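Chains, contacts and geometry: an overview
The lines below spell out each chain.
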Amino acid sequence: MFQETPIFSRLVAERGDVPNQVRGEADRIHRDLSRVMPWTSASALPVRTTLDGPTW
């Protein structure tokens with residue numbers, strides 16, 4: 001990805017490897033969600049055909 005710089009190494013030593021921790025949490029959340037919310041393609045979803053306009 002990129003070469004480590006002295007400041008990055010010092011920040012990792014002081015604060016921990018935050019990018020790696022965030023990546024791990026994102027992977028965990030993705031796995032959890034895939035268990036409870038199976039992925040459905042957009043083409044398989046019903047098409048809403050109302051003349052009311054947006055509901056936002």
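Provided above is the structure to which this section pertains.
This text gives an overview of the structure that appears in the document.

Thresholds applied
Residues numbered from 1 in each chain as written. Predicted model: local features only at pLDDT ≥ 70, side-chain atom pairs only at ≥ 80, totals over all residues. Heavy atoms only, no water. Helix = DSSP H or I, 4+ residues; strand = E, 2+ residues; numbered from the N terminus. Buried < 20%, exposed > 50% of the residue type's maximum accessible area, 1.4 Å probe, protein only. Areas by Shrake-Rupley, 256 points an atom, 1.4 Å probe, with all protein chains shown as cover. Patch = residues over 30% accessible without salt bridge, like charges linked within 9 Å, V, L, I, M, F, W, Y side chains within 5 Å. Salt bridge = Lys/Arg side-chain N within 4 Å of Asp/Glu carboxyl O.

A short note on the overall build of the chain
Summing up its helical and strand segments, the chain has 2 helices and 0 strands in all. Residue burial in the chain is summarised as follows: out of 56 residues, 0% are buried. Carbon and sulfur atoms make up 60% of the accessible area of the chain, which amounts to about 5700 Å² in all.

As for a nonpolar patch on the surface
On the surface, Ile-29, Leu-33, Val-36 and Met-37 cluster together into a nonpolar patch covering about 400 Å² of accessible area. Secondary-structure assignment places Met-37 in the segment after α2 (18-36). Classification of Met-37 as exposed rests on a relative accessible area of 54%.

Some points on the pattern of salt bridges
Per the stated rule, a full pass over the model turns up 4 salt bridges. Salt-bridge contacts for Asp-32 lead to Arg-28; the nearest nitrogen and oxygen are separated by 3.0 Å. Linking Asp-32 with Arg-28, this pair stays in helix α2, spanning 4 residues, or about one helical turn. Taking the shortest distance from any N to any O, the salt bridge between Asp-32 and Arg-35 comes out at 3.4 Å. Of this pair, Asp-32 and Arg-35 both sit in helix α2, separated by 3 residues, roughly a single helical turn. Residues joined by salt bridges that share partners form a network here, namely Glu-25, Arg-28, Asp-32 and Arg-35.

Quick notes on helix α1 (residues 6-15)
Burial of α1 is sparse: only 0 of the 10 residues sit out of reach of the surface. Positive backbone phi, at 90°, marks Gly-16, one or two positions downstream of α1.

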